[in-house]
Amino acid sequence: MSVCALLVSVALVAAPSELRWGADAEGGAPYVFEQPPGHLRGFEAELADLLAARLGRTARHVQGPFAELLPLLERGDVDVVINGIEVTEDRARAFALSRPYWAGPERLTVRRDDPSAPATLEALQGRRVGTLPGTLAERMLRAAGADVRTYDGGQEDPYRDLALGRTDAVLLDAPVALYYGERPELTTLQEGFGQLRYAVVARASDTRLRDALDGALASLIADGTLAALLQRWGLWTDEAGRALGVATPPSGPSPELEAWRTRGGGGLWSMGVGPVLRALGRGAAVTLFLSVAAIALAMLLGAALALARVYGPPPVSALALGYVELFRGTPLLLQLIVVYYGLPELGILLSPLVAGWLALGLNYAAAEAENDRAGLLAVPRTQMDAARVLGLGRWQAVRHVIAPQAMRVALPPVTNDFIALLKDSSLVSVVTVTELTKTYGTLAAATRDHLGLGLLVGAMYLLLGLPFARLSRSVEGRLAEHLEVSR
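What counts as what
- Residues numbered from 1 in each chain as written.
- Predicted model: local features only at pLDDT ≥ 70, side-chain atom pairs only at ≥ 80, totals over all residues.
- Heavy atoms only, no water.
- Buried < 20%, exposed > 50% of the residue type's maximum accessible area, 1.4 Å probe, protein only.
- Helix = DSSP H or I, 4+ residues; strand = E, 2+ residues; numbered from the N terminus.
- Arc of directions from axis to C-beta.
- Salt bridge = Lys/Arg side-chain N within 4 Å of Asp/Glu carboxyl O.
- Polar contact = N/O pair within 3.5 Å; in protein donor to acceptor, adjacent residues only side chain to side chain.
- pLDDT = per-residue confidence, 0-100.
- Contact = heavy atoms within 4.5 Å.
- Core = buried A, V, L, I, M, F, W, Y, C linked by side-chain atoms within 4.5 Å.
- Phe/Tyr/Trp six-rings, centres within 6.5 Å; stacked < 30°, edge-to-face > 60°.
- Lys NZ or Arg CZ within 6 Å of the ring centre and 35° of its normal.

Moving on, we get to helix α11 (residues 255-263). Considered for burial, the residues of α11 that qualify are Glu256, Leu257 and Trp260. Projection of α11 onto a plane perpendicular to its axis shows the buried side chains occupying an angular sector of 100°, all on one side.

All told, the structure shown has 26 salt bridges when counted by the stated rule. The shortest N-O distance in the salt bridge between Asp168 and Arg127 comes to 3.4 Å. Linking Asp168 in the loop between α6 (157-163) and β10 (169-173) with Arg127 in the loop between β7 (102-111) and β8 (128-131), this pair joins segments that are 41 residues apart in sequence. Note on accessibility: Asp168 and Arg127 belong to one class, buried. Where Asp168 meets Arg128, a salt bridge forms, and the shortest distance between an N and an O atom there is 3.3 Å. With Asp168 in the loop between α6 and β10 and Arg128 in strand β8, the pair connects residues that are 40 residues apart, well separated along the chain. By relative accessible area, which is 9% here, Asp168 ends up buried.

Our next topic: the side chain of Asp24. Mapped onto the secondary structure, Asp24 falls in the loop between β1 (18-23) and β2 (33-34). A residue is classified by how much of its surface remains accessible, and Asp24, at 9% relative accessible area, is buried. A polar atom in the side chain of Asp24 sits 3.0 Å from the backbone nitrogen of Glu26.

Per-chain confidence: the protein averages 88 in pLDDT, with 92% of residues scoring 70 or above. For residues 1-14, every residue scores under 50 in pLDDT, and the model assigns this stretch two contacts once sequence neighbours within four places are set aside.

Turning next to the nonpolar core. By size, the foremost hydrophobic cluster in this structure holds 67 residues, and its most contacted members are Tyr101 and Leu226. If we ignore the near neighbours within four places in the chain, the residues touching Leu226 are Leu47, Tyr101, Leu217, Leu220, Ile221 and Leu244.

With that settled, the discussion passes to the packing of aromatic side chains. Within a pair of aromatic rings, the relevant descriptors are the distance that separates the centres and the angle that separates the planes. A complete count under the given rule lists 12 aromatic pairs for this structure. Centre to centre, the rings of Phe43 and Tyr101 are 6.3 Å apart; their planes meet at 55°, and the pair counts as tilted. Here Phe43, found in helix α2 (residues 43-54), pairs with Tyr101, found in the loop between β6 (95-97) and β7; they are 58 residues apart in sequence, far enough to count as distant. Each member of the pair, Phe43 as well as Tyr101, carries the same accessibility label: buried. Members of the aromatic cluster, connected to one another through ring pairs, are Tyr31, Phe43, Tyr101, Trp102 and Tyr198. Its guanidinium or amino end placed over the ring of Tyr340, Arg75 lies 3.6 Å from that ring's centre, counting from NZ or CZ.

Written as structure tokens, this is what we have:
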């Protein structure tokens, strides 16, 4: 075998088989969305498949909140980010950006019946204008002196508030305005503002991948595949033609855009009863598993902390108190971000599910420690004295006499904490875990039905918590009977 052939063989063996691309499916059309549940749609989902194929890989989507996609890239959870990431000078310095795959303006949307509707950026000064955070549109609005209202929940939320009269206008990327600003009570101005370009983002050190992506994009442009993709989704613009170097715009219909407008999101059951319930069931299973595992850790660690505070020597008691104050006095979201994104800087790399479990368990351990301590202190000191007189050692007395009585006092607040933890588990979506609330957001973005789905998901949370509340009352009653008999 020749040296060149050997090098090619080694390169093929060493080459990754997957292209892990990060995107937030909750953002919605036309970028990335699920329809039906579990099946990705959107022009960027198709673009990811095309790029991966040109690189000889298989595309694998990694779900992540939009605001955390670039941190996920830096952490190494994804190879690239493809989710409407705008080309800016600061991003070009911090990351390896591909050549643009789309370019276009910002679009201003106003109410049709508003006689004083703004039509220029200057007219937005002092007006309430909705947009998405961290975008070029937000920077333009702040420079214009507008009263900026940012929305983290999804692309449709700013337009819904505009239609309800809560804001005076919405400024967002042309694709967003095209898919969400077309409502009977709203109108989008034809004149565009500024120019933005979307690029695939790789880590700054991964220039070889960036160069390979540029080559793949060049081939998609050369054979007309990228232009046809943009046209099919209704996204072709003159700016895109100039950015891609395509002199002749593509022709033909935009079936994906027309299908979206005809369907209008489709409502709660537009994707079928079975797929929606299966998707929500999977999210509920993740929520339940994570919550039960986290409360188990919290109860074990909390009991140890409570015993350390009540019966431990002063240094150990002080350390336990410090733990309680630290985790009780700082936000759970901050702790979750530190565990997932901060610990890798110390060489500790945890999977999303483990990081979520650990953060929830460590946080709620502080609350359980206080519940258990209150239970221990509620038991009269004479109980310990009587146990010692009967010949029991200190820890024997705690185990057989004090703890059963303390448990009865601590059990009701523990149940309350579990119900709260069940709801707080929704925060783990920031570390790419798709639980019940994140599943709701993704489905709502695809169906444009927040009310019906919201009521259904709320009922599911209620059903998840009720059995544990009933179990707690049952255990509490049995403990009361046992203690009465022992007396």
